[in-house]
Amino acid sequence: MSACKDQDPRIHAIQSRIRVVPNFPKPGIMFQDITTLLLDPKAFKDTIDLFVERYKDKSISVVAGIEARGFIFGPPIALAIGAKFVPLRKPNKLPGKVFKQEYDLEYGSDCLEMHIEAVEAGERALVVDDLIATGGTVSAAMNLLGKHFYDSLHVDRTLVQETSNGIQLIRMNVHNRTTCTYAAEYAIE
Ligand SMILES: O=P(O)(O)OC[C@H]1O[C@H](OP(=O)(O)OP(=O)(O)O)[C@H](O)[C@@H]1O
Ligand SMILES: Nc1ncnc2[nH]cnc12
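First things first, this report covers the structure right here in the doc. These numbers come from a predicted model, not from an experiment.

1. Regarding the overall build of the protein chain
Working step 1: Counting its regular elements, the protein chain contains five helices and 10 strands.
Working step 2: Contacts in the protein chain between residues far apart in sequence, at least 24 positions, make up 57% of those at least 6 positions apart.

2. As for unusual backbone geometry
Working step 1: Between phenylalanine 24 and the following residue, proline 25, the backbone shows a cis peptide bond with an omega angle of -5 degrees.
Working step 2: Inspection of the secondary structure assignment puts proline 25 in the loop between strand S1 (19–22) and strand S2 (30–33).
Working step 3: Backbone torsion omega between glutamate 67 and alanine 68 reads 0 degrees, so that peptide bond is classified as cis.
Working step 4: Mapping alanine 68 onto the fold places it in the loop between strand S3 (62–66) and helix H4 (70–81).
Working step 5: Of note in the backbone geometry, asparagine 23 takes a positive phi value of approximately 60 degrees without being a glycine.
Working step 6: As for its placement among the helices and strands, asparagine 23 is situated in the loop between S1 and S2.
Working step 7: For asparagine 23, a count of 10 C-beta atoms within 10 Å gives the class exposed.
Working step 8: Even without glycine at this site, asparagine 92 takes up a positive phi of about 65 degrees.
Working step 9: Tracing the backbone through its elements, the reader meets asparagine 92 in the loop between strand S4 (84–88) and strand S5 (98–105).

3. Considering the packing of helix H1 (residues 9–16) against helix H3 (residues 41–55)
Working step 1: Contact geometry for H1 and H3: axes closest at 9 Å, N-to-C directions at 130 degrees. With respect to H3, the element H1 is oriented oblique. Between H1 and H3 the crossing geometry is left-handed. In this structure, H1 contributes Arg10, Ala13 and Ile14 to the contact, and H3 contributes Ala43, Asp46, Thr47 and Leu50.
Working step 2: Residues belonging to the contact of H1 with H3 are distributed by class as follows: four nonpolar, one polar and two charged.

4. Here's the deal with the packing of H3 against H4
Working step 1: Packing of H3 against H4 leaves a shortest axis separation of 9 Å and a crossing angle of 45 degrees. The angle between H3 and H4 falls in the class oblique. In the crossing of H3 with H4, the sense of the turn from one axis to the other is right-handed. Residues Thr47, Ile48, Phe51, Val52 and Tyr55 of H3 form the contact with H4, whose own contacting residues are Phe73, Pro76, Ile77, Ala80 and Ile81.
Working step 2: A breakdown of the residues in the contact of H3 with H4 according to their chemical character gives nine nonpolar, one polar and no charged.

Calculation criteria
Residues numbered from 1 in each chain as written. Chains lettered and ligands numbered in written order. Predicted model: local features only at pLDDT ≥ 70, side-chain atom pairs only at ≥ 80, totals over all residues. Helix = DSSP H or I, 4+ residues; strand = E, 2+ residues; numbered from the N terminus. Contact = placed C-beta atoms within 7 Å. Buried ≥ 20, exposed ≤ 12 C-beta atoms within 10 Å, placed from the backbone. Axes fitted to C-alpha atoms, helices over the stretch in contact; angles between N-to-C directions. Parallel < 35°, antiparallel > 145°, perpendicular 65-115°, else oblique. Left-handed = near helix turned anticlockwise from the far one by under 90°. Nonpolar A, V, L, I, M, F, W, Y, C, P; charged D, E, K, R; others polar.

Shown next, in the form of structure tokens:
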């Protein structure tokens with residue numbers, strides 16, 4: 001993400017700790033490696049704190065983390081804002097009854113599953129992941145939370161911000177139902 005003049009000073013340090021690996025895992029992919037951010041306790045804590053400051057007074061009752069890297073950032077945010085943590089898992093990992101959502105990736109396709117009983121109508125959910133590339137994964141996660149509401153789903157999508165490389169950050173409001181937002185924007189180049 002390009003720097004802007006009123007950007008929080010912690011963001012530059014966070015961005016500098018994300019290693020960019022060209023051509024991994026395939027030619028043409030600029031892989032954003034957050035494992036180097038995790039090696040710096042201050043930058044890692046600042047990342048969590050930024051999300052907590054942003055979402056602590058938003059009446060969020062569910063933090064939904066996307067496997068696998070959303071499991072690193074989601075639980076500390078959930079604990080700090082007093083929300084439950086719901087894992088959105090890759091296929092055939094959850095033992096209970098699940099909703100499924102298939103989606104396309106920058107390199108391939110995949111599926112996410114969520115336990116049906118983990119979220120109730122009327123809850124506010126924050127979807128957490130480390131990174132948005134095409135936006136397919138975060139869209140699938142929001143659709144998964146929306147599956148609770150079957151045919152009665154009424155969705156507004158609001159463009160929050162467009163990044164320098166054209167990624168659109170979308171806030172999705174599901175009327176009178178679960179409201180989703182997401183929290184990957186600090187990890188985007
Ligand atoms: O915006 P998108 O194009 O959908 O891509 C972003 C997703 O890709 C990565 O996960 P990946 O599927 O590689 O799985 P992993 O976290 O298990 O490595 C990343 O952690 C996001 O979940
Ligand atoms: N460019 C990227 N860097 C890290 N993880 C990714 N997942 C999909 N695209 C990615």
